[in-house]
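Given next are the chains, with one letter for each unit.
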Amino acid sequence: MSESVLDHGYIPEEHAPDPVIGHGDPTPPGKIAIWMFLASEVMFFIAILGSYIILRSGSPALFGKFAGVLNKWLAGTNTIVLIVSSLTMALAVDASKKGNRPRTILCLLITLGCAFGFMGIKYVEYMDKWHHHTLVYTVPAVKPNQPTPAATEAGEPGKTYVIDGHLIAQDADTMTLRGAKAEVPTQPPFNLHLIGEADIEGLGAGHAPNAQHAASENERKMDKQEPEFNVPKAWIARDLNYGPWKNQFFACYFPLTGVHGIHVIGGIIPITILMIQAMRGKLFGAATEYIGLYWHFVDLVWIFLFPLLYLI
Amino acid sequence: MTSPASRMHGEPEEPHGTTVPEPHHPAPYFTVFGVLVALTVVTVLIAQHRFPHEIINVLLALAVACLKAGCVAMIFMHLRYEGKLIYLIAIVPLLLCVLLVTSLIPDILMTDADSPSASLHVFNPPPIRPLVEPGHE
């Protein structure tokens, strides 16, 4: 930074304070640019968050029920991971501006580690939902001239069942799920998209479907070991996993966290470049600051996503 | 490095459009980090308790989130040390956000059950019934 003309106590006319820019070191164009980019990002995220708020207030019971399915402890860990990465990024900016190369490399490395850790935990969460299936199957009816088979663990012949649970194994003809099972009710009609594991446990216990259950999935899992069911694939009539197509909640959850995940990847790339450059002996103080601003913004988005998706 | 000499010469305290390259005192990164972790724990603990009205949970969660966001923006993002220009850039989209969300409130609160946007209220597609019976010839 050059010495300011103001340091000399007298201001030549051509250096008089600009009515817009003002006194002192002008804000670097790069900083203005990154802040304008972040401003557009704020508006981008508020658009999808606003849609989520509208949809959620339209169907509070549905959203409340399926928000309880999410693992808030993993997400909480992810929050801490991102906060740590924000701290190390701020320290990296500081070190980079002071020309402290080893500290810059170390801080950027920890930041990168946290970023990959975040994506790893996110992957575990996504896979958990991906392997969470809702199945409807019918046990084949008995043919007249055949001996009546004993009722197996799969159910009585001719009856239709629904299972909601995690796929733990599958081969060419069988799927093994761990979760809850109940006979499909004829009255009232039930909807595969709106039904969760707690509902099916309720059905088994004789409650109405779609009832809201206060206990979240994790809390119930701590209580007991869930039973396992083997279902021949040939019997399956409907199979729906907890992807964005499950219902409105997951149609909000996946885009929101997915777009945020893409932003994390978008941060990993420049941070890697900055780290490699620092290892080669080059420090880019200003660039590190701008990437840092972006990285803090990614953290900031997660600070809002975490309570809105997982906690309320 | 610029010395903070300009301040000594009685310059206006709040120059707009300028940036202070180095905070006069080291930014309290570790303090903010501790506060953020503590607030994360607080927000999880609050969420464990279900208030009689869900809106209380929502508002408390949002209040803690705003507090955390303020900490990140002010200290980590150095907003505290920036001039008016950066504040302007940062605040305008926030106002637009408030405008956007409040303009959607009529959609949430003032819809009749049979209006076209009523589908927002009840997600109720036609029920899917398993009619296929694979074992039944």
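Quick look at the structure, then. Not measured: the values here are computed from a predicted model. (Residues numbered from 1 in each chain as written. Chains lettered and ligands numbered in written order. Predicted model: local features only at pLDDT ≥ 70, side-chain atom pairs only at ≥ 80, totals over all residues. Heavy atoms only, no water.)

1. Observations regarding the overall build of chain B
Step number 1: Check the secondary structure of chain B and you find five helices and zero strands.
Step number 2: When the elements of chain B are put in sequence order from the N terminus, they spell out α-α-α-α-α.
Step number 3: Here the analysis covers contacts within chain B between residues at least 6 apart in sequence; of these, 57% occur between residues at least 24 apart.
Step number 4: Summed over its atoms, the accessible surface of chain B is roughly 8,400 Å², and 71% of this surface lies on carbon and sulfur atoms. (Helix = DSSP H or I, 4+ residues; strand = E, 2+ residues; numbered from the N terminus. Contact = heavy atoms within 4.5 Å. Areas by Shrake-Rupley, 256 points an atom, 1.4 Å probe, with all protein chains shown as cover.)

2. Quick word on the overall build of chain A
Step number 1: In terms of regular secondary structure, chain A is built from eight helices and five strands.
Step number 2: Along chain A, helices (α) and strands (β) appear in the sequence α-α-α-α-β-β-β-α-α-β-β-α-α when read from the amino end.
Step number 3: Expressed as a percentage of the 312 residues in chain A, the buried residues total 52%.
Step number 4: In chain A, of all internal contacts separated by at least 6 residues, the share reaching a separation of at least 24 is 74%.
Step number 5: Carbon and sulfur atoms form 64% of the exposed surface of chain A, whose accessible area is close to 13,400 Å². (Buried < 20%, exposed > 50% of the residue type's maximum accessible area, 1.4 Å probe, protein only.)

3. Comments concerning the packing of helix 3 (residues 72-97) of chain A against helix 4 (residues 101-130) of chain A
Residues and elements named next belong to chain A.
Step number 1: Between helix 3 and helix 4, the shortest axis-to-axis distance is 8 Å and the interhelical angle comes to 160°. Between helix 3 and helix 4, the interaxial angle falls into the category roughly antiparallel. Seen along the crossing, helix 3 lies across helix 4 with a hand that is left-handed. (Axes fitted to C-alpha atoms, helices over the stretch in contact; angles between N-to-C directions. Parallel < 35°, antiparallel > 145°, perpendicular 65-115°, else oblique. Left-handed = near helix turned anticlockwise from the far one by under 90°.)

4. Some thoughts on the environment of Leu256(A)
Residues and elements named next belong to chain A.
Step number 1: By the element assignment, Leu-256 lies in helix 7 (residues 248-279).
Step number 2: Spatially, the C-alpha atoms of Leu-256 and Leu-309 are 9.0 Å apart, while their sequence positions differ by 53 residues.
Step number 3: Those residues in contact with Leu-256 that lie beyond four places of it in its chain are Ile-48, Leu-49, Tyr-52, Leu-305 and Leu-309.

5. A closer look at the sheet that holds strand 4 (residues 228-232) of chain A
All names here are of chain A.
Step number 1: The strand order across the open sheet formed by five strands is 4-3-2-1-5, and the pairing between neighbours is antiparallel. With one partner strand each, in any of the chains shown, strand 4 and strand 5 (236-241) form the two edges of the open sheet. Strand after strand, the sheet turns through a mean of 40° between neighbouring axes, direction not considered.
Step number 2: Summarising the sheet, strand 1 (residues 132-138) and strand 2 (residues 160-170) pair through seven bridges and their orientation is antiparallel. Residue pairing in the sheet places Thr-138 in a bridge with Thr-160 of strand 2.
Step number 3: Helix 4 rests against strand 1, strand 2 and strand 5 of the sheet, and its axis sits at about 10° to strand 1. (Pairing = 2+ DSSP bridges.)

6. So, the pairing of strand 3 (residues 174-183) of chain A
Residues and elements named next belong to chain A.
Step number 1: With nine bridges joining them, strand 2 and strand 3 adopt antiparallel strand pairing. Counted as the bridge partner of Tyr-161 is Glu-183 from strand 3.
Step number 2: Hairpin connection, strand 2 to strand 3: the antiparallel pair is bridged by three residues.
Step number 3: The sheet contact formed by strand 3 and strand 4 spans five bridges and is antiparallel. Counterpart to Met-175 in the pairing with strand 4 is Val-231.

7. Overview of the pattern of salt bridges
Step number 1: Evaluation of the coordinates by the stated rule reveals nine salt bridges over all chains.
Step number 2: For Glu289(A), the salt bridge identified is with Lys31(A), shortest N-O distance 3.2 Å. On the criterion of sequence distance, the pair formed by Glu289(A) in helix 8 (residues 285-311) and Lys31(A) in helix 1 (residues 29-58) is long-range, its members being 258 residues apart. No difference in accessibility class separates Glu289(A) from Lys31(A), as the two residues are buried.
Step number 3: As a salt-bridge pair, Asp94(A) and Lys98(A) come within 3.2 Å of each other at their nearest N and O atoms.
Step number 4: Residue classification places Lys98(A) among the exposed residues on the basis of a relative accessible area of 55%.
Step number 5: Salt bridges here are not isolated pairs; linked through shared partners, they connect Lys31(A), Lys97(A), Glu289(A) and Glu82(B). (Salt bridge = Lys/Arg side-chain N within 4 Å of Asp/Glu carboxyl O.)

8. Some points on the packing of aromatic side chains
All names here are of chain A.
Step number 1: Per the stated rule, a full pass over the model turns up 23 aromatic pairs over all chains.
Step number 2: Plain terms: the ring middles of Phe-306 and Tyr-310 are 6.0 Å apart, the flat faces sit at 40° to each other, and that makes the pair tilted. Note that Phe-306 and Tyr-310 are positioned in helix 8 at a spacing of four residues, about one turn of the helix. (Phe/Tyr/Trp six-rings, centres within 6.5 Å; stacked < 30°, edge-to-face > 60°.)

9. Describing a nonpolar patch on the surface
Step number 1: A cluster of nonpolar side chains, namely Met43(A), Leu88(B), Val92(B), Leu96(B) and Leu99(B), defines an oily patch on the protein surface of about 440 Å² accessible area.
Step number 2: By residue number, the principal contributor to the nonpolar patch is helix 4 (residues 84-103) of chain B, which donates four residues.
Step number 3: With respect to the secondary-structure elements, Val92(B) resides in helix 4.
Step number 4: For Val92(B), a relative accessible area of 41% corresponds to the partly exposed category. (Patch = residues over 30% accessible without salt bridge, like charges linked within 9 Å, V, L, I, M, F, W, Y side chains within 5 Å.)

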